[in-house]
Each structure stands twice: as structure tokens, then as C-alpha cells.
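Understanding the architecture of this molecule
Below are the chains, spelled out letter by letter.
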Amino acid sequence: MSNIVDFKPQSYFKATAQLDAFIVWAKGTLPKGISNNRVHAGIRWDMNSWHKSGIASCAFTAHGSPRNAKAKDKIYIQPPFLDFAKALIVYFRVFKGQSSVKDWLSVAKVLEVALIELTGKSDVTKVSAAICNRACEYLTKKYPSGDVAYRFSKKLESIARLMIDKSLVDTPFRWTSPLQMKHLGTLKEQRDNSDTKMPSRESILALGELYNNNLTSPLDIVTVSACVILLSQPSRIGELADVEHDCVVFKEDIDGNQRMFLRWYAEKGYGATIKPVVTGMESPVRHVIKQLASITNEARKYAAWLEDHPNEFPRHDGMPLKNQDEPLSYREACVALKLRRNKRKSYRKTFDALWLEPLSKYKSMSPEAQAILDEIKAGWDTSNGKRVYINGKLDHYDFNDKAVITLRKLNVLMREKYLPKDFPYTSPAVDGKQRVTYRDALFTVRTGSLPNESKNAFALQRDFGVEIAANQDRMTGQLGGAQNTQSIFDRHGYQGIKVKTHAFRHELNTEMHRAGLSQLLIDAFSGRTAMGSIYNHETIEERTQRVTQYHPKTKYSTATQRLEKLKTNKPLHLSDVRDLYRDDQDRIIHQTHIGICIHNFASEPCPKMGACLSCALLGCVKGDDVKIENLKEERKYLKCRYDKALSALSNDIFGASEWVKKVSVDLYKCDALIRILENPEFQKGDIVWNVDNGWTLTKNAASMAGLIDAKSIEPENDQWGLPSLDELSAILDKIEV
């Protein structure tokens, strides 16, 4: 990013001049994104869409005009707001490096509508708080359900803040979104919402039967194999593009058993990881990987050849015996490109109609391909040709074409048409990501090699290119999510069944919750940095039973009063947090800097000597914002100690390994407490109890005196759901403070 600098507003410019300067900056910055792989070569400022130029779903159609509508029906953002919208996309995608910017563009489109409605023109410098409020009304109307409107309004906040910081408005203002996150709804609404996100029992059984049916169709094999892998570990469909054909790794667990793992790259910021395969799915995963290899090995070899010979046209049966730079006739060009000629058309007409004309309609062609296409078109005789008669009858037409066609030139155009823009890589560039090439990817196939048996074979692509077989569009169609595509269920007699690929992720996350895994471990297993709770679809009855089992000391009837006392610093009694038995005496309990402590200090001093994070008598109350902030300060301090401990360990300092072990557990528990307290599933006033490590001052002294074995004091990690130290280190490296 050293070649891109931020836009700096000039203090002596008025808003209009600042806006013009911001747009000039964006126009100059856009092509710099090519070297950073954030946009593709050939992108131009004046395009109506950057979708095929490396910025997905970025079409500058107006609010309410679909991106995929027919050209004659499209309505575009109007100048001068159009240039501002494009500058925003450049700022967030090229400068900031955000992988997805379609939401920012959607919000900008709504802002344009509100701006024109209240001011009568699309002058960006006139944006105000009232216009932002009106935009929120449009968002609420367009997205009445869920929290999409709220989420978009927070992006509008960011856009407004950017405009003010860059001095792009005549009158600076302060504005926050008036929209609030919606309530989860009634229990019935929550249950219905969960049902829509989970796979049906029928779909899982159908996929299981298909797996055992010895499928022969490559399309069926790819579909079922992708589902098996997604059911073996909670993942996203887009992540299959980065799975390598040799992705299997075996590691030994604490009991000496071999466990299967897959090398994985998790999207949305989690990054590269090794994900364990769910117990019981090892054999199916091994089987589908072997089965996939048999139908994808040839495509990987072909991808390797394309990567190693970028300037050569690939050879195939029937190719003209010409070298790469030798002129070709139109017949030889058609044969090389595998173009099917109609008997009533000449090879010249076939080459023009099936090759030149489609390429001429491309709006995001690379400069090299565009130059070759322009060269051929410039030498093309556009007349009707000269009639040639033989024996008084019209025999053919002669054309004065001057363009020279060679295999090397066709190679450039062929790759432009058939290869993905990111070739040889399977996915777009992301800062810090080590990408997988098609020659190594598990799901690499040739274009046109996976025909849907219900489609017309004439419409299939030629096999010059490569693609990922289990891509989003194909999998959506094969699992019943597309109207005009015959799904795998329909082909095999399972009428009416459909399932979303993301439903498998919801299913596995819910089952892990039912198995008692912590949210932190589930997030790590899923390759997720946040939002894990939305994947938990346990029933209300299941959650209530689990809370009763894990928090028997908590008294829930006084949650509101308990929180109010904490916020007003009133004395908190033992009866406020737990039910008292007949012989229990009520008393005022101690409050620490991070929670409440039910230890009776009248009977003995603190047996932990203030090590609260290792004590089961510590409780943290959700909604006590002061304590949560203190916990975050504690986490920051522990993270600093943990980093120093790792540094000491790398330098072989004596005792550093024990230091790492102690601090890592404290940091893990501190972060887990914060995550639970910020989890929207829990109500304000609920108490989250800590777990104990078994150590006290007395036991420590006895251990040092040799009276007891230290190993008998500290419980096994599995008892508290803690991961191994290696896994713990990997998790702690992801913690941000």
C-alpha cells in the first residue's frame, strides 16, 4: 500500500472544491489498485459497473434498479453524485482494502434518493442530519425485517463521518443513526427463524442416501462431495475454492489417537488454520477426496500447463499444425477455438459471429486483449465483399481482410474469455493471504466439464478454461435454490427437497452447543472472529436446562434489582445473588474491580490472595459496564504479559514455559468472560460465574512442603472445557485488545 496515500483536505478549500479534489484523488488512486490486486487491469472510471473488474456486485445503478436488469430497463446514479459514489468505492476498496463494498454502495444509493428529495438536486455538499434521517426511513421501508436497515444505517454513519472529516459538506454536523437493533421476537418467531436456517431432516437423509448410491455423474459427485466436506466441519461454501487436493493432515491427540484435520483458509478475517474433522466423518471425507481426485486430476495438470506456458495456445486434438506466430486461415482459427460452424455459414462468418462479436461486448477487458481485438477489428473488411463467379454462377465472396490471426494472439483472447480474472489463483487477493493456485486446488475442473444433464449441450462452454467446481452459483442450483436448474434432488427422485449450503454451518454450530463446547472454541472451530451466537439454534428449553445445570448458584428473580444496586453502588447482599438455605446467614458481599465475590471474609482471608480469575467464587454481572471495562483493561494487561512470556520462551529464559501456561489460561478466561457478558443472548442482570483452578494459599504451601502432589490439585483442562496449550496459543494470538 506504499503507493497509495489518503486524501488530505485543504483547509483553504470550500466544500465544493474539496469534493472535486476528493474525486480527482479517487480517479488517480483507482488504477493503483491494479498493482495491489484489489482491482483488475482494464478498469476505467467511466464504466457503469466494476463488477467484472474486481469489485464484486459493484454496479452504479440507482436505488431500486436491479443490477441484473436488462440494459434498456436500468437506471443509473445521476451526476454529480455518481462521481462521489465511485470515489467512496475507491476509498473503501482500493485504499482501505475492504473485500466487500456492495453495502457501502447500497447505502450511498439511498443517500442520493434522500438528498434529491429534500434539496431537489444531487449536490453532495448539501448532505445534512435531516437527509441522513430521511435515508434511514428509506432503509426501514426497503428492509422491514431483520437488522439489515440498522446495519446499513451504521454504514451511513461512517459515510457521514468521512464526509465531515474530509470537509466535503458545506455545514458540518453531528449525526448518529436513530435505528435500533430489533428484538429477537417472540419465542415462536425465534423458533421459526431457526427452522429456516437449519437443514431439514429430509435433506440430510437424502444426501446420505446419495452418498451411498455409487454416483457416476461428475456433477453429482462434486455436489455430494462438497456437502460431505461442509458437514464435516463448519465452513462457508466460498472457502472450498482454497481447499488443496492434499489438504488432509493427521495429528495425535492427548490419548495418542490419530485425528484428521484439513488445511483450511477461513474467510472474513480469520485466515489460515487447520480444522479438525467431526468425529465419525473421517471415512466419508477420505472417500470423497479420493473420488474427487479421479475427476479433477486432469484439470489440475491442464491448469499447471496454462500457468507454466502463459504465452502459448494450448494444444488439443485437431489443432492446425502451425507454430504460435504463423498466420492462420479462418478455418484453422475456428478449429483451434473449437467453434462449431453452421454448414450455411463460412468459416469467416463463424469466426466473426461466434468469437469477435461476443468479445466486442466485453466491458472489462484487459488492455492486452483489447489491443489485439482492436487490431483484428481494424483490419476487418466490413463491406459485403466482392462477388466471385465461376462458370457464370456465384461461387463465393472475397474480402480484403488485413488482420493477421495467430495462435499467440488467439491465446490472449482465449484466456480473457475462459480463464478467471485471478488465474492462476482460485480467489481474489487479500492482504496477507497466501492464495491457492488452480493446479493445487481440490475442486479444479475444466470449464464445460460439468454439464447439467437437463441443459442443452450446445450452450456449454468450451473446455479451454478452468473453474472451481463447487462454486456458489452451481451449488445453489444443485441444492434446489435456483428456479431454472434441475437440482440433484430432482434428478434422483427427491421431489420438493432443498437446502442452503450455509445451513450445514448452522447445523454443526448448534450441535456443538448441545455438546457443551464453549462459544470461544466453537468460533475457533468455525473460523469465525465474531457473531457466533447467531449460529446457535438450540431451543429455549435446551438453553434453560443448560443454564440451570451450569449456574445453580444464580438467583434469577432479582436480576433487575441486582443490576440497579450495582450501578448505584448500593450494598449487595448474598440473598441478591443466590437462594439461601435454612442455615445460611445473609450478609453483604464483597465487590471486586471485575465482579462480585461471595467469599465470607469474616471467616478467613482470601484463600486465592486476590487471584480472582482462578476463583469459582467470582461472578460477573451482565450490564455492569464499569466492571466490563475493567475486565477489558485486565485483558489488555494480560495480553501484554502473554506476549512478553512468549518472547521470553523464544529466548529460552528459565521458567518461561510455566509463565506462558499461567498467563495464557488467565487471558483465555478473561476473554471468555468478556465475550459471554457481551453476548446478546443473556439478559442484563444475569451472573456469569467463573471456574476454579483448585489452587489456594494453603494447598500451595502444602505442595511446596512436599505434603501433597501438585498434580493432584489442578483439575484436568477437559473438566473445564479448556483447550490444549497449543490450541490455546493459537486462539490467544487472535485476541485483539
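Quick caveat: nothing in here was measured; it's all calculated off a predicted structure.

1. A word on the overall build of the chain
Per the secondary structure count, the chain includes 25 helices and 11 strands. For the chain, restricting intrachain contacts to residue pairs at least 6 apart in sequence, the fraction spanning at least 24 positions comes to 61%. For the chain, the accessible area works out to roughly 39100 Å², and carbon and sulfur atoms hold 52% of it.

2. Remarks on the pairing of strand 10 (residues 618-621)
Every second residue of strand 10 is oriented toward a common face, with Leu 618 and Cys 620 on one face and Gly 619 and Val 621 on the other, all of them buried. The sheet contact formed by strand 9 (residues 596-597) and strand 10 spans two bridges and is antiparallel. When the bridges of strand 10 are listed, Ile 596 appears paired with Gly 619. Note that strand 10 and strand 11 (residues 687-689) share three bridges and pair antiparallel. The partner of Val 621 across the bridge, within strand 11, is Ile 687.

3. Some points on the packing of aromatic side chains
Counted according to the given criterion, the structure contains 17 aromatic pairs. Between the aromatic rings of Phe 313 and Phe 464, the centroid separation amounts to 5.6 Å while the plane-to-plane angle is 65°, which identifies the pairing as edge-to-face. Here the residue Phe 313 occupies a position in the loop between helix 10 (282-308) and helix 11 (330-336), and Phe 464 occupies one in the loop between strand 6 (444-446) and strand 7 (466-468), the gap between them amounting to 151 residues. Side by side, Phe 313 and Phe 464 carry an identical accessibility label, which is buried. With centroids separated by 5.9 Å and ring planes inclined at 45°, the aromatic side chains of Tyr 330 and Phe 351 adopt a geometry described as tilted.

4. Observations concerning the nonpolar core
Of all hydrophobic cores here, the largest spans 80 residues; its most connected members are Leu 240, Phe 313, Phe 351, Trp 355, Leu 410, Phe 443 and Phe 489. Ignoring anything within four residues of it in the chain, the contact list for Trp 355 reads Leu 337, Leu 339, Thr 350, Leu 410, Leu 413, Met 414, Lys 417 and Tyr 418. By size, the runner-up hydrophobic cluster in this structure holds 57 residues, among which are Leu 82, Phe 92, Leu 111 and Cys 136.

5. What to know about the sheet that holds strand 1 (residues 248-252)
The antiparallel open sheet is built from three strands, whose spatial order is 1-2-3. Two strands lie at the open edges of the sheet, namely strand 1 and strand 3 (271-276), each paired on one side alone. Taking each pair of neighbouring strands and ignoring which way they run, the sheet shows an average axis angle of 35°. Where strand 2 (residues 258-266) and strand 3 come together, six bridges link them in antiparallel fashion. From the neighbouring strand, Tyr 265 faces strand 3, where its bridge partner is Ala 272. Along the sheet, helix 10 makes contact with strand 1 and strand 2, crossing strand 2 at roughly 60°.

6. Concerning the environment of Leu 292
One can find Leu 292 in helix 10. In sequence terms Leu 292 and Val 445 are 153 residues apart; their C-alpha atoms lie 10.0 Å from each other. Non-local contacts of Leu 292, meaning those with residues more than four positions away in its chain, are made with Val 222, Ser 225, Leu 442 and Phe 443.

7. Comments concerning the pairing of strand 1
As judged from the five bridges shared by strand 1 and strand 2, these two strands associate in the antiparallel manner. Considered in strand 2, the bridge of Phe 250 is made with Met 260. Hairpin connection of strand 1 to strand 2: five residues between the antiparallel strands, including Gly 256 at a positive phi of 85°.

8. Re helix 20 (residues 559-567)
Along helix 20, the positions that sit buried rather than exposed are Ala 559, Arg 562, Leu 563 and Leu 566. End-on view of helix 20: buried residues confined to an arc of 95°, all on one side of the axis. Asn 569, located one to two residues past helix 20, shows a positive phi value of around 60°.

9. What to know about empty space enclosed by the protein
Evaluation of the coordinates by the stated rule reveals one cavity of 30 Å³ or more. By volume, the largest cavity amounts to about 50 Å³. If you trace the largest cavity, you find it lined by Leu 566, Ile 594, Gly 595, Ile 596, Cys 620, Val 621, Asp 624, Lys 627, Leu 631 and Leu 677. Every element with two or more residues in the lining of the largest cavity is listed here: strand 10 and helix 21 (625-650). Taken together, the residues of the lining of the largest cavity sort by class into seven nonpolar, one polar and two charged.

10. With respect to the layout of surface pockets
Rolled over the atoms, a probe as big as a water molecule pinpoints where empty space is left. If you add up the space inside the second largest pocket, you get close to 730 Å³. Along the wall of the second largest pocket there are 23 residues; nearest its centre are Ser 366, Glu 416, Pro 420, Lys 421 and Phe 423. Partitioning the lining of the second largest pocket into residue classes produces 10 nonpolar, five polar and eight charged.

11. A word on the packing of helix 21 against helix 22 (residues 656-677)
Direction vectors running N to C along helix 21 and helix 22 enclose 155°, while the axes themselves pass 9 Å from each other. Put simply, helix 21 runs roughly antiparallel to helix 22. In this structure, helix 21 meets helix 22 at a crossing whose hand is left-handed. Residue composition of the contact of helix 21 with helix 22, by class: 17 nonpolar, two polar and eight charged.

12. Some details on unusual backbone geometry
Trans is the common state for peptide bonds, and a negative phi is the common state for residues other than glycine. In this structure, Pro 80 follows Pro 79 across a cis peptide bond, with omega equal to 5°. Structurally, Pro 80 is set in the loop between helix 2 (32-35) and helix 3 (81-95). At the junction of Phe 423 and Pro 424, the peptide bond is cis and its omega measures out at 15° in the coordinates. Of note in the backbone geometry, Asn 37 takes a positive phi value of approximately 60° without being a glycine. As for its placement among the helices and strands, Asn 37 is situated in the loop between helix 2 and helix 3. Even without being glycine, Ser 57 reaches a positive phi, approximately 60°. Summarising the element assignment, Ser 57 is placed in the loop between helix 2 and helix 3. Its relative accessible area of 26% is what places Ser 57 among the partly exposed residues.

13. Remarks on the pattern of salt bridges
Going through the model one piece at a time under the given rule, you end up with 31 salt bridges. As a salt-bridge pair, Asp 46 and Arg 44 come within 3.2 Å of each other at their nearest N and O atoms. Note on Asp 46: relative accessible area 55%, which makes it exposed. Across the pair Lys 421 and Glu 416 runs a salt bridge whose closest N-O atoms are separated by 2.9 Å. The class of Lys 421 is partly exposed, set by a relative accessible area of 35%. The buried category is assigned to Glu 416, whose relative accessible area is 13%. It is possible to trace a salt-bridge network through shared partners that takes in Glu 298, Lys 338, Arg 446 and Asp 463.

14. Considerations on the sheet that holds strand 9
Here four strands make up an open sheet; going across it, the order is 8-9-10-11 and the pairing antiparallel. Here the strands that pair on one side only, and so sit at the sheet edges, are strand 8 (590-591) and strand 11.

Cut-offs applied
Residues numbered from 1 in each chain as written. Predicted model: local features only at pLDDT ≥ 70, side-chain atom pairs only at ≥ 80, totals over all residues. Heavy atoms only, no water. Helix = DSSP H or I, 4+ residues; strand = E, 2+ residues; numbered from the N terminus. Contact = heavy atoms within 4.5 Å. Areas by Shrake-Rupley, 256 points an atom, 1.4 Å probe, with all protein chains shown as cover. Buried < 20%, exposed > 50% of the residue type's maximum accessible area, 1.4 Å probe, protein only. Pairing = 2+ DSSP bridges. Phe/Tyr/Trp six-rings, centres within 6.5 Å; stacked < 30°, edge-to-face > 60°. Core = buried A, V, L, I, M, F, W, Y, C linked by side-chain atoms within 4.5 Å. Axes fitted to C-alpha atoms, helices over the stretch in contact; angles between N-to-C directions. Arc of directions from axis to C-beta. 1 Å grid on protein atoms, 1.4 Å probe; cavity = no way out; pocket = protein on both sides within 12 Å on 5 of 7 lines; lining within 4 Å. Points joined across faces, edges and corners; volume = space filled by probe spheres on them. Nonpolar A, V, L, I, M, F, W, Y, C, P; charged D, E, K, R; others polar. Parallel < 35°, antiparallel > 145°, perpendicular 65-115°, else oblique. Left-handed = near helix turned anticlockwise from the far one by under 90°. Salt bridge = Lys/Arg side-chain N within 4 Å of Asp/Glu carboxyl O.

Keep in mind these values describe shape, not function.
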